[in-house]
Amino acid sequence: MKTLSPFAQKSSQTRGRERPLSPCPVRTEFVRDRDRIIHCKSFRRLKHKTQVFLSPVGDHYRTRLTHTLEVSQIARTISRALRLNEDLTEAIAMGHDLGHTPFGHSGEKVLNDLVPGGFEHNVQSLRIVEKLENGVGLNLTYEVRDGILNHKKSGHPCTLEGAVVSLADRIAYVNHDIDDAIRAGLLTNEILPKSCIEKIGRTHGERINALIMDILSVSFGRNYVRMSEEMMTEFDKLRDYLFENLYHDPRAKAEEGKAEGVVETLYKHYLKNIDGLPEDFKKYIDEDGRERVAADYIACMTDRYAVRDYERLFVPKDWN
Ligand code: MG
């Protein structure tokens, strides 16, 4: 495409897939990857996975699916304005959180403590698209897989599109978690750190806009994507504030101990009863070990599936 930045990843120059496909007459390779992700079961399960608030009853709270859509929107806006590859950006955004466990970071923490070699949702997202979806993976291009694996702050994606998704992920969750926390009565706009509000903005929309515009002004025409130092300082301060005050708020945390208990109990149960798992999971026992396969099975569950499975296995039924 002649309109793309010289620093964009062109689909014609992809490092390709593990199993080559015959070309599609109308879609580029990255568009196909986006489509493969949207049509997969792991993607549909995101709608019943926790973002921050566990199994929220209120219909207006974010779920992992709406988080993913917000990341995609922010990332595409940035990519398009920087003339990067919007299709690659969208594919990475749609796939970045496929590996999240039930109950959000509480579930992730439990598996990370229990499974030899640890458990991280970005690595698990990659396992889903490379191996677990339908027992064969989605056979995505290298650049999409790289962006999914490297979407956390500590990651180093090989494309600028991957860097865009990593920033968009943080912009999305910091802002929508504030919005949901205000909805839940856990925060008010007034108690957020003053300097952050002054630099980034007073409202949800103002803040997202300011963060995006800052990235565009620093990164346009460059071979990197980043925020200005001054914006990054205030944004990190806001993010730290949420980690200290919201993510560890005892009112938001109250149910988390129970959620952790469900994940731990299910993990131990399936580790002992690994032969009962579906073939698509069991086939990786020799390659990756029983512990990893048990974790795969738990990680794929939605919040409500995990609760129902726990009830089925461990809560006595009454006689009707
Ligand atoms: Mg995310």
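Residues numbered from 1 in each chain as written. Predicted model: local features only at pLDDT ≥ 70, side-chain atom pairs only at ≥ 80, totals over all residues. Heavy atoms only, no water.

A. Expanded view of the packing of aromatic side chains. Taken as a whole and judged by the stated rule, the model has three aromatic pairs. With 4.9 Å between their ring centres and 70° between their planes, Y270 and Y297 make a pair best called edge-to-face. Here the residue Y270 occupies a position in helix α13 (residues 256-272), and Y297 occupies one in helix α16 (residues 290-300), the gap between them amounting to 27 residues. The same class applies to Y270 and to Y297, which are both buried. Where F281 meets Y297, the ring centres are 5.2 Å apart and the plane angle is 85°; that geometry is what we call edge-to-face. Taken as a pair, F281 in helix α14 (residues 279-282) and Y297 in helix α16 lie far apart in primary sequence, 16 residues in all. One exposure class covers both F281 and Y297, and it is buried. Here a set of aromatic residues connected by ring pairs shows up, and it is made of Y270, F281 and Y297. For the cation-ring pair, R226 lies above Y224, with the distance from its terminal atom to the ring centre recorded as 3.8 Å. (Phe/Tyr/Trp six-rings, centres within 6.5 Å; stacked < 30°, edge-to-face > 60°. Helix = DSSP H or I, 4+ residues; strand = E, 2+ residues; numbered from the N terminus. Buried < 20%, exposed > 50% of the residue type's maximum accessible area, 1.4 Å probe, protein only. Lys NZ or Arg CZ within 6 Å of the ring centre and 35° of its normal.)

B. Geometry of the environment of L242. Structurally, L242 is set in helix α11 (residues 229-245). We classify L242 as buried; its relative accessible area is 1%. Residues L242 and Y305 lie 63 residues apart in sequence; the distance between their C-alpha atoms is 29 Å. Residues in contact with L242, not counting those within four places in the same chain, are V174, D177, I178, L187 and Y247. (Contact = heavy atoms within 4.5 Å.)

C. Summary view of the side chain of Q124. Summarising the element assignment, Q124 is placed in helix α6 (residues 121-132). For Q124, a relative accessible area of 2% corresponds to the buried category. Contacts of Q124, omitting those with residues within four sequence positions, involve G99, F119, L132, D296 and A299.

D. Here's a closer look at a positive patch on the surface. A surface patch of positive charge is lined by K41, R44, K47, R304 and R308. Counting residues per element, the ones that place at least two in the positive patch are α2 (41-45) and α17 (303-314). You can see R44 is positioned in helix α2. (Patch = residues over 30% accessible without salt bridge, like charges linked within 9 Å, V, L, I, M, F, W, Y side chains within 5 Å. Areas by Shrake-Rupley, 256 points an atom, 1.4 Å probe, with all protein chains shown as cover. Salt bridge = Lys/Arg side-chain N within 4 Å of Asp/Glu carboxyl O. Lys, Arg positive; Asp, Glu negative; His and termini not counted. Charge placed at Lys NZ, Arg CZ, Asp CG, Glu CD.)

E. Looking closely at the layout of surface pockets. Roughly 750 Å³ of volume is contained in the largest pocket. As for the largest pocket, its lining consists of 33 residues, of which H100, H105, E108, F243 and Y247 are closest to the centre. Those elements giving two or more residues to the lining of the largest pocket turn out to be α3 (64-81), α5 (104-114), α8 (160-183), α11, α12 (250-253) and α13. With six residues, α5 is the single largest residue contributor to the lining of the largest pocket. Split by residue class, the lining of the largest pocket holds nine nonpolar, eleven polar and 13 charged. By volume, the second largest pocket amounts to about 390 Å³. Every residue lining the second largest pocket is counted, 19 residues in all, and those nearest its centre are K41, R45, F281, C300 and M301. Contributing elements (two or more residues each) for the lining of the second largest pocket: α2, α14, α16 and α17. (1 Å grid on protein atoms, 1.4 Å probe; cavity = no way out; pocket = protein on both sides within 12 Å on 5 of 7 lines; lining within 4 Å. Points joined across faces, edges and corners; volume = space filled by probe spheres on them. Nonpolar A, V, L, I, M, F, W, Y, C, P; charged D, E, K, R; others polar.)

F. Quick look at unusual backbone geometry. Although it is not a glycine, F103 adopts a positive phi angle of roughly 65°. Note on placement: F103 falls in the loop between α4 (86-95) and α5. Of note in the backbone geometry, N139 takes a positive phi value of approximately 55° without being a glycine. Residue placement: N139 occurs in the loop between α6 and α7 (142-149). When its relative accessible area of 9% is taken as the criterion, N139 is described as buried.

G. Representation of the packing of α8 against α11 within the structure. Where α8 meets α11, the closest approach of the two axes is 11 Å, and the angle between their N-to-C directions is 50°. Our classification of the angle between α8 and α11 gives oblique. The handedness of the crossing between α8 and α11 comes out as left-handed. Each of L167, R170, I171, Y173, V174, D177 and I178 in α8 lies in contact with α11, whose residues at this interface are M232, F235, L238, R239, L242 and F243. Taken together, the residues that form the contact of α8 with α11 break down as ten nonpolar, no polar and three charged. (Axes fitted to C-alpha atoms, helices over the stretch in contact; angles between N-to-C directions. Parallel < 35°, antiparallel > 145°, perpendicular 65-115°, else oblique. Left-handed = near helix turned anticlockwise from the far one by under 90°.)

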